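As a plain string of letters, each chain reads:
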Amino acid sequence: MIVGIVDDATFPPWHASLEPVIPAHQHETFRRRGGQPFPAELITAARKELDEFVHILEAEGVTVRRPEPVAQRTPYATRDWTSTGLYAAMPRDCLLVVGEDVIECPMAWRSRYYETLAYRPLLKEYFRSGARWSAGPKPELTDEQYDLTWTEPAEGMPTRLIVTEFEPTFDAADFLRLGRDIVAQKSNVTNEFGIDWLRRHLGDRYRIHVLEFDDTHPMHIDATLAPLAPGKLLVHPERVSKVPAIFKGWDVMRAPRPVIPDSHPLYLTSKWINMNVLMLDENRVVVERGDEPMISAMKEWGFTPIPCSFRNFNSFGGSFHCATLDVRRSGGLDSYLDHPG
């Protein structure tokens, strides 16, 4: 399993693609601090939590690998735009592992254009060990990739996405893998073109199911829907008003409300990042140490919670699922979903 790092984490330069997904109260912070480092004390605290997390994983029998630090504030440019980087904290966003294939994702944020460079040494090693190493088409990320007329949709209006269908883009975190099935959503970083590219790339061995939720600002599916074990599904109580038909017969738990204090800074996500737990197998689940409601809910549902402090890491826009990428797991390739007709 790869676990990310927060070294040199940097506010991305402000761009239209950020507006639909960055919490509104943080817009001014991003506009003002683009290209500057995140607070040093927060990076230090998050790094300590990551070290604790790695120690827990290794004690549970997980082999942990880490990306290489990359200078995130070094500017880079294409023919059309310039940017600085973000971080190498969330391997779940930029790399998608499906079977033996490790896929570099064509991400929609300019600040994440070179994010997979931090993982290159690992990708080379995996390839030499027999993995298939693929990459989605590298997008130009010109202005045509974005709906620059985007505005906040009025209440009751349909969701409007910032990414267009100019070229394929997707983040791996908009896909959930369940054996032979992959659950996906279109979002402000993942377009239909990107989903079609992935479907054709993977071929008939895997089935991609595109779902829609009650989310006016979609980006990354793993704080909306979380299959925890065969037949057990954790859902966002507000975004999932109706459980998708493919999960017919599954036990469903609506996530308890998060307990993250209002005073705690969340730069890139809502408090519902508390749903972003990590399953080590069908029983063991890593949960934020201070999230007593989630710990209790997991115990009542028959799981074995493993508490880990991660609140400071949450500030960077993710939790345990985002911060990890399971590259090798034991077990077979099974089918878990209902396929009517």
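Quick caveat: nothing in here was measured; it's all calculated off a predicted structure.

### Looking at the packing of aromatic side chains
Then comes step 1: Inspection of the entire model under this criterion finds 18 aromatic pairs.
Then comes step 2: Relative to Tyr267, the ring of Phe11 has its centre 5.4 Å away and its plane inclined at 90°; by these criteria the two rings are edge-to-face. In this pair, Phe11 sits in the loop between β1 (2-3) and α1 (27-33) while Tyr267 sits in the loop between β12 (251-254) and β13 (278-279), placing the two residues 256 residues apart along the sequence.
Then comes step 3: Ring centres of Trp81 and Tyr113 lie 5.2 Å apart, and the angle between their planes is 90°; this geometry places the pair in the edge-to-face category. Of this pair, Trp81 sits in the loop between β2 (76-77) and β3 (82-83) while Tyr113 sits in the loop between β5 (101-104) and α4 (120-128), placing them 32 residues apart in sequence. There is no split in this pair, since Trp81 and Tyr113 are both buried.
Then comes step 4: Put simply, the rings of Phe11, Phe30, Phe38, Tyr267 and Phe316 touch in pairs and so form one group of aromatic residues.
Then comes step 5: A cation over an aromatic ring shows up here: Lys138 above the ring of Tyr113, its NZ or CZ 4.4 Å from the ring centre.
Then comes step 6: The lysine or arginine in question, Lys232, covers the ring of Phe303, its NZ or CZ lying 4.9 Å from the ring centre.

### Comments concerning the side chain of Ser111
Then comes step 1: Considering the arrangement of structural elements, one finds Ser111 in the loop between β5 and α4.
Then comes step 2: Overall, the relative accessible area of 7% leaves Ser111 in the buried class.
Then comes step 3: Excluding residues that lie within four positions of it along the chain, Ser111 makes contacts with Pro12, Pro13, Tyr76, Ser83, Thr84, Gly85 and Leu86.

### Considerations on the sheet that holds strand β8 (residues 181-184)
Then comes step 1: Strand order in this open sheet of three strands is β7-β8-β9, and the pairing throughout is mixed. Two strands lie at the open edges of the sheet, namely β7 (175-178) and β9 (207-210), each paired on one side alone. Here the average twist between neighbouring strands, direction ignored, is 25°.
Then comes step 2: Pairing between β8 and β9: four bridges, direction parallel. For Ile182, the partnering residue across the bridge sits in β9 and is Ile208.
Then comes step 3: Relative to the sheet, helix α5 (residues 192-202) contacts β7, β8 and β9, its axis offset from that of β9 by approximately 165°.

### What to know about the environment of Gln72
Then comes step 1: If you trace the backbone, Gln72 turns up in the loop between α2 (40-59) and β2.
Then comes step 2: Judged by relative accessible area, which is 9%, Gln72 ranks as buried.
Then comes step 3: Distance from Gln72 to Gly35, taken between C-alpha atoms, is 8.6 Å for residues 37 residues apart in sequence.
Then comes step 4: Excluding residues that lie within four positions of it along the chain, Gln72 makes contacts with Asp7, Asp8, Thr10, Thr84, Gly85, Leu86, Tyr87 and Ala88.

Definitions and cut-offs
- Residues numbered from 1 in each chain as written.
- Predicted model: local features only at pLDDT ≥ 70, side-chain atom pairs only at ≥ 80, totals over all residues.
- Heavy atoms only, no water.
- Phe/Tyr/Trp six-rings, centres within 6.5 Å; stacked < 30°, edge-to-face > 60°.
- Helix = DSSP H or I, 4+ residues; strand = E, 2+ residues; numbered from the N terminus.
- Buried < 20%, exposed > 50% of the residue type's maximum accessible area, 1.4 Å probe, protein only.
- Lys NZ or Arg CZ within 6 Å of the ring centre and 35° of its normal.
- Contact = heavy atoms within 4.5 Å.
- Pairing = 2+ DSSP bridges.
- Axes fitted to C-alpha atoms, helices over the stretch in contact; angles between N-to-C directions.

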